[in-house]
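The primary structure of each chain is shown beneath.
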Amino acid sequence: MALLNRSDWYDIARDTNWTPKYVTEEELFPKEMSDCFDVPREKWETYDEPYKTSYREYVKVQREKDAGAYSVKAALGRMKFLDSADPGWKSILKLHYGGIALQEYAAGMAEATMARFGRAPGMRNMATFGLLDETRHGQIQLYFPHEYVSKDRQFDWAHKAMHSNDWAAIATRHAFADIMSGRDATSVALMLTFAFETAFTNMQFLGLAADAAEVGDVTFSNLISSIQTDEARHAQIGTPALKILIENGHKEKAQKLVDIAFWRNWRLFAVVTGPSMDYYTPLAKREKSFKEFMVEWIVGQFERNILDIGLDVPWYWDTFLEDLNTTHHGMHLGVWYWRPTVWWDPAAGASPDERDWLEEKYPGWNDTYGKCWDVIIDNIKNGREDLTLPETLPIVCNMNHLPIVGVPGKKWDVRDHYLDYKGRRYHFGSKVDRWVFEQDPDRYAGHQGLIDRFLAGKIQPANLEGALKYMGLQPEDCGKDAHDYAWVWNYNKPDKVAV
Amino acid sequence: MSETAQKLKPLKTWSHLSKNRRRPSEYEIVSVGLHFSTNDPDCAWEQDAGTFMNQWYRDYREGSPVNHEDWDTFRDPDELVYRTYNIIQDGQENYVDGLIKEFDDLEHDQGLQTEWVDALSKLYTPGRYILHGLQMASVYLAKMAPASTITNCATFQAADSLRWLSHIAYRTKQLSLVWPDYGFVDNEKHIWENAPHWQGFRELLEKALIAYDWCETFVAINLVLKPAFDEACLRQLGHAARRFDDSFLGFLTDAQAVDSQRSRRWTSSLVQFLQQNEANQDVLDGWVEKWVPLGDQAIDMFCAALPDSPSAADDAKRDCWSFRAGLGLSA
């Protein structure tokens with residue numbers, strides 16, 4: 001008798017559903033934890049995960065992956081790279097680790113939701129590997145930045161950020177609660193694995209890896225591309241679930257959940273990945289613009305995925321495509337202006353050469369966002385840094401918890417898309433954010449954003465200093481201009497004044 | 001920003017570990033304090049506090065009758081992290097690969113006694129259902145535990161369950177090829193759902209899966225179901241296997257017991273950690289008293305079907321009892 005191949009026994013390992021006798025099916029799989037679509041159990045029997053692996057293969061391959069990532073880190077003696085790295089690149093690392101490490105670990109808890117409450121054994125097995133993967137991503141993305149804390153306190157935020165009330169942490173937690181932590185197993189499969197992991201993780205883990213390789217940060221490039229190989233596997237949990245939902249007449253509701261998740265992700269990436277790629281990455285090292293990466297990975301690949309599976313592109317697709325030209329520029333301006341409120345040092349990315357690049361990639365940039373930077377540059381040149389710093393807090397969206405932004409200049413179009421619900425007025429940054437709220441208002445209505453907390457008197461003293469304290473930011477943590485305004489002096493304009 | 005704020009000293013590790021005043025291990029750096037959902041006991045996840053999921057966490061984690069002043073101080077005695085888990089288990093799988101190859105070369109399955117082949121079809125291969133149930137219960141514990149250091153132990157326990165479920169699936173197929181008339185592959189579900197010797201474990205498993213309080217899950221699974229399974233379905237089955245010249249299964253159950261011993265080490269640590277709060281002792285004892293009769297019943301029913309093993313049930317129950325008694329628990 002010969003030894004067996006995986007395909008010889010794989011189906012047996014996922015033939016593990018049985019009919020409960022001592023408890024009820026509903027007790028074992030409560031609809032709200034398991035499947036909000038309430039598809040009958042027998043319909044889930046056809047679930048077939050496209051990417052198959054076994055435990056034996058998993059521990060072998062993952063051991064090798066870790067050996068690769070850790071040995072590259074050791075061999076390259078990272079501390080030296082960090083000492084010489086561009087401050088903008090350091091900010092990308094701080095933003096990335098703080099925004100992502102603990103959220104990846106939390107994604108493991110969402111994988112656990114699928115591994116326990118998923119209706120198909122194949123989903124449960126794949127999600128068990130997914131739980132392991134996300135444990136990896138949480139742990140490795142803490143281990144790598146940990147060595148930097150002695151050099152720079154902002155790296156402490158790799159662990160601290162998600163525990164804090166920093167506005168960026170609130171926005172991130174809110175988005176991921178909506179697409180994974182607060183959802184049932186079937187919704188997690190759609191919103192986390194399909195809408196997020198087959199689309200947006202490519203941006204952060206492959207797009208940014210390309211920039212990292214250009215910058216010479218081989219360790220980081222290698223780390224995040226290694227992470228993406230895990231994502232690419234467990235991302236495929238969602239596709240067969242979507243297929244079953246569509247076959248059983250739930251296309252409309254599935255479409256809605258995918259549309260919600262996609263929008264939540266898009267807004268978050270506009271503030272995290274957009275500025276990283278178009279402003280923080282040193283100009284000479286930018287492989288592509290944020291928009292170009294988005295067009296390649298999202299508009300191209302994800303649009304194909306979504307149509308192949310039998311869904312439509314989200315109803316707001318035109319709005320999204322238009323937003324690709326604008327939103328992240330506004331978010332970047334906001335983050336740079338409110339720089340004391342973040343745990344990284346935002347790079348302005350607005351030197352003359354960088355403006356040329358922005359104008360080329362985003363025609364009209366100088367006539368819009370550039371006008372705001374002109375004012376900032378003049379203020380710095382005239383010794384008025386104070387005019388480039390915030391004194392209070394911005395209006396933030398009650399859905400994405402990011403500042404409400406618009407296009408400055410002649411096209412100035414900012415508006416508050418508000419909604420009154422049960423006696424309270426909610427403010428939204430776009431009609432899509434308001435639409436998301438309207439789909440399930442009680443999921444969001446009782447939540448207080450940072451500004452709501454400020455107005456409710458929970459932040460004392462009720463000024464910026466009180467807000468920084470509430471957000472957990474000590475003076476050494478607070479962001480400042482990454483290059484200490486050196487970029488301003490590249491402008492051949494009025495006399496240089498010490499800042 | 002305050003101009004008068006005192007300049008902070010440089011950090012040597014994460015600020016939350018700085019109070020320990022010693023160099024942290026890799027384990028501590030990457031394992032401690034990873035759950036931010038525990039920060040607000042009324043609202044685990046950043047959305048309306050009234051959502052079903054937030055209510056679930058209030059009921060079954062924050063609302064648990066066990067308490068501890070700082071859950072994040074729990075430590076896994078093995079200090080396993082993801083990286084080391086894979087290194088260890090890849091090595092363990094190499095060992096099992098070697099066993100599979102060696103016994104395949106010996107044409108071991110062809111030489112099995114028919115009485116024992118029949119026993120395997122009834123007592124061993126249907127075990128994939130209980131292992132999958134253990135996997136489900138362990139991931140639930142991982143999801144709901146109040147500290148990431150507990151979650152990680154449960155995560156690796158879930159993975160271990162999937163490991164042994166996979167080996168049973170492999171062996172089921174192998175046996176079906178040599179012994180096509182014994183119902184291998186096709187008949188396990190029927191046996192799991194109907195054979196009397198599995199009904200004790202099935203009842204215990206199904207009820208444990210809906211014991212949604214995180215710590216009651218821990219008690220039902222780690223202090224009752226897993227010990228009962230380990231003693232009856234690994235140790236006693238392994239003994240019987242050797243009596244029927246199936247040393248292959250004996251080696252496999254011994255290899256599986258290595259994972260179970262690791263589970264018992266962190267289980268013991270967590271019980272001792274819970275006992276730091278005296279009020280938890282009564283809660284633990286209450287749950288143990290509630291679940292142990294189901295565990296004993298499961299052992300009795302399973303072991304009654306073990307061929308040529310008259311003392312198996314008593315031995316298995318005694319070993320479970322002594323594990324719990326060693327932890328100062330009531331049964």
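Everything numeric in this text was worked out from a predicted model, so none of it was measured.

1. Structural notes on the overall build of chain A
In step 1: In terms of helices and strands, chain A carries 22 helices and two strands.
In step 2: By the compact-globule yardstick of 23 Å for 499 residues, chain A fits well, its C-alpha radius of gyration being 23 Å.
In step 3: In terms of principal-axis extent, the alpha carbons of chain A reach across some 85 × 60 × 40 Å.
In step 4: For chain A, the share of sequence-separated contacts (at least 6 apart) that also reach a separation of at least 24 residues comes to 78%.
In step 5: Working note: accessible area of chain A is about 17,200 Å², and carbon and sulfur atoms make up 50% of it.

2. Quick word on the pairing of strand β1 (residues 417–421) of chain A
In step 1: In β1(A), alternate side chains face the same way, and those of A:His417, A:Leu419 and A:Tyr421 are buried while those of A:Tyr418 and A:Asp420 on the opposite face are not.
In step 2: Linking β1(A) back to strand β2 (residues 424–428) of chain A in an antiparallel pair, the connection comprises two residues, with A:Lys422 at a positive phi of about 50°.

3. Let's talk about the packing of aromatic side chains
In step 1: Scanning the model with the defined rule gives 58 aromatic pairs over all chains in all.
In step 2: Relative to B:Trp192, the ring of A:Trp18 has its centre 5.6 Å away and its plane inclined at 90°; by these criteria the two rings are edge-to-face. With A:Trp18 in the loop between α1 (6–13) and α2 (25–28) and B:Trp192 in helix α7 (residues 188–194), the pair connects residues from two separate chains. One exposure class covers both A:Trp18 and B:Trp192, and it is buried.
In step 3: Centroid distance B:Phe103 to B:Phe251: 6.0 Å. Interplanar angle 55°. Geometry classified as tilted. On the criterion of sequence distance, the pair formed by B:Phe103 in helix α3 (residues 82–105) and B:Phe251 in helix α10 (residues 247–275) is long-range, its members being 148 residues apart.
In step 4: A relative accessible area of 7% places B:Phe103 in the buried class.
In step 5: One aromatic cluster in this structure is built from A:Phe176, A:Phe194, A:Phe196, A:Phe200, A:Phe262, A:Trp266, A:Phe269, A:Phe290, A:Phe302, A:Trp317 and A:Phe320.
In step 6: Note that A:Lys73 overlies the ring of A:Phe144, its terminal NZ or CZ placed 5.4 Å from the centroid.
In step 7: Against the face of A:Tyr70 rests B:Arg83, its NZ or CZ located 4.9 Å from the ring centre.

4. Observations concerning helix α11 (residues 218–234) of chain A
In step 1: If you check α11(A), its first and last C-alpha atoms are 25 Å apart, about what 17 residues at 1.5 Å a residue would give, namely 24 Å.
In step 2: The buried count for α11(A) comes to 12 of 17 residues, which makes it a mostly enclosed element.

5. What about the confidence of the model for chain B?
In step 1: The predicted model of chain B has a mean per-residue pLDDT of 96, with 98% of residues at 70 or higher.
In step 2: The low-confidence segment residues 1–5 of chain B (pLDDT under 50) makes six contacts with residues lying over four places distant or belonging to another chain.

6. A look at the side chain of A:Asp433
All names here are of chain A.
In step 1: Locating Asp433 in the fold gives a position in helix α19 (residues 431–439).
In step 2: We note that Asp433 is buried and unpaired, the nearest opposite charge coming from Arg267 at a distance of 4.2 Å.
In step 3: A distance of 2.8 Å separates polar atoms of two side chains, one belonging to Asp433 and the other to Ser430.
In step 4: With residues up to four places along the chain from it excluded, the contact list for Asp433 reads Trp263, Arg267, Cys397, Met399, Asn400 and Phe428.

7. Thoughts on the pattern of salt bridges
All names here are of chain A.
In step 1: A complete count under the given rule lists 63 salt bridges over all chains for this structure.
In step 2: A salt bridge links Glu247 to Lys243, with the shortest nitrogen-to-oxygen separation between them at 3.7 Å. Placement of both Glu247 and Lys243 in helix α12 (residues 238–247) is noted, with a separation of four residues, approximately one turn of the helix.
In step 3: What you see here is one network of salt bridges that share partners, running through Lys65, Asp66, Asp133, Arg136, Asp230 and Arg233.

8. Things to note about the nonpolar core
In step 1: Judged by nonpolar contacts, the single largest core of 292 residues is most densely connected at A:Ile298, A:Phe320, A:Trp487 and B:Phe201.
In step 2: Ignoring any residue separated from it by four or fewer positions in sequence, one finds A:Trp487 in contact with A:Trp336, A:Ala348, A:Ala350, A:Ser351, A:Pro352, A:Trp373, A:Ile376, A:Ile377 and A:Asp481.

9. Remarks on the pairing of β2(A)
In step 1: Examined bridge by bridge, β1(A) and β2(A) share five bridges and lie antiparallel to one another. Within β2(A), the position partnered with A:Asp420 by the bridge is A:Arg425.

10. Describing the interface of chain A and chain B
In step 1: The interface is formed by 89 residues belonging to chain A together with 92 residues belonging to chain B.
In step 2: Overall, the association of chain A and chain B removes approximately 8,300 Å² of surface from exposure, summing both partners, and the carbon and sulfur fraction of that is 65%.
In step 3: On the surface where chain A and chain B come into contact, there are six salt bridges.
In step 4: There are 44 residue pairs in polar contact (both at pLDDT 80 or more) connecting chain A and chain B.
In step 5: Examining the composition of the side of chain A that touches chain B, we find that 15 residues originate from one element, helix α7 (residues 121–146) of chain A, more than from any other.

11. Focus on the packing of helix α13 (residues 251–280) of chain A against α19(A)
All names here are of chain A.
In step 1: Packing of α13 against α19 leaves a shortest axis separation of 10 Å and a crossing angle of 135°. The angle between the axes of α13 and α19 places the two elements in the oblique class. The crossing of α13 and α19 is left-handed. Where α13 approaches α19, its residues Lys256, Asp259, Ile260, Trp263, Arg264 and Arg267 are matched on the opposing element by Val432, Asp433, Trp435, Val436 and Gln439.
In step 2: Looking at the contact of α13 with α19 residue by residue, the classes come out as five nonpolar, one polar and five charged.

12. A few points about the packing of helix α2 (residues 52–62) of chain B against helix α5 (residues 127–144) of chain B
Residue and element names in this part refer to chain B.
In step 1: At a minimum axis separation of 11 Å, α2 and α5 run at an interaxial angle of 95°. Regarding the angle of α2 to α5, the classification is roughly perpendicular. Across the interface between the two elements, Met53, Trp56, Tyr57, Tyr60 and Arg61 of α2 pack against Tyr140, Lys143 and Met144 of α5.
In step 2: Taken together, the residues of the contact of α2 with α5 sort by class into six nonpolar, no polar and two charged.

13. Focus: helix α9 (residues 214–243) of chain B
Residue and element names in this part refer to chain B.
In step 1: Counted at 1.5 Å a residue, the expected span for α9 with its 30 residues is 44 Å, and the 40 Å between its end C-alpha atoms agrees.
In step 2: At Leu225, α9 is bent by approximately 30°, the largest bend along its length, and proline Pro227 sits one to four residues beyond.
In step 3: Counted residue by residue, α9 has 26 buried out of 30 residues, so it is predominantly covered.
In step 4: Two to three positions downstream of the cap, the backbone nitrogen of Cys215 sits 2.9 Å from a side-chain oxygen, assigning the N-cap of α9 to Asp213.

Parameters and conventions
- Residues numbered from 1 in each chain as written.
- Chains lettered and ligands numbered in written order.
- Predicted model: local features only at pLDDT ≥ 70, side-chain atom pairs only at ≥ 80, totals over all residues.
- Heavy atoms only, no water.
- Helix = DSSP H or I, 4+ residues; strand = E, 2+ residues; numbered from the N terminus.
- Rg over C-alpha atoms; globule rule 2.2 N^0.38 Å.
- Contact = heavy atoms within 4.5 Å.
- Areas by Shrake-Rupley, 256 points an atom, 1.4 Å probe, with all protein chains shown as cover.
- Buried < 20%, exposed > 50% of the residue type's maximum accessible area, 1.4 Å probe, protein only.
- Pairing = 2+ DSSP bridges.
- Phe/Tyr/Trp six-rings, centres within 6.5 Å; stacked < 30°, edge-to-face > 60°.
- Lys NZ or Arg CZ within 6 Å of the ring centre and 35° of its normal.
- Expected span 1.5 Å × (residues − 1).
- pLDDT = per-residue confidence, 0-100.
- Lys, Arg positive; Asp, Glu negative; His and termini not counted.
- Salt bridge = Lys/Arg side-chain N within 4 Å of Asp/Glu carboxyl O.
- Polar contact = N/O pair within 3.5 Å; in protein donor to acceptor, adjacent residues only side chain to side chain.
- Core = buried A, V, L, I, M, F, W, Y, C linked by side-chain atoms within 4.5 Å.
- Buried area = accessible area lost by both parts, 1.4 Å probe.
- Axes fitted to C-alpha atoms, helices over the stretch in contact; angles between N-to-C directions.
- Parallel < 35°, antiparallel > 145°, perpendicular 65-115°, else oblique.
- Left-handed = near helix turned anticlockwise from the far one by under 90°.
- Nonpolar A, V, L, I, M, F, W, Y, C, P; charged D, E, K, R; others polar.
- Bend = angle between axes of the 7 residues up to and from the residue.

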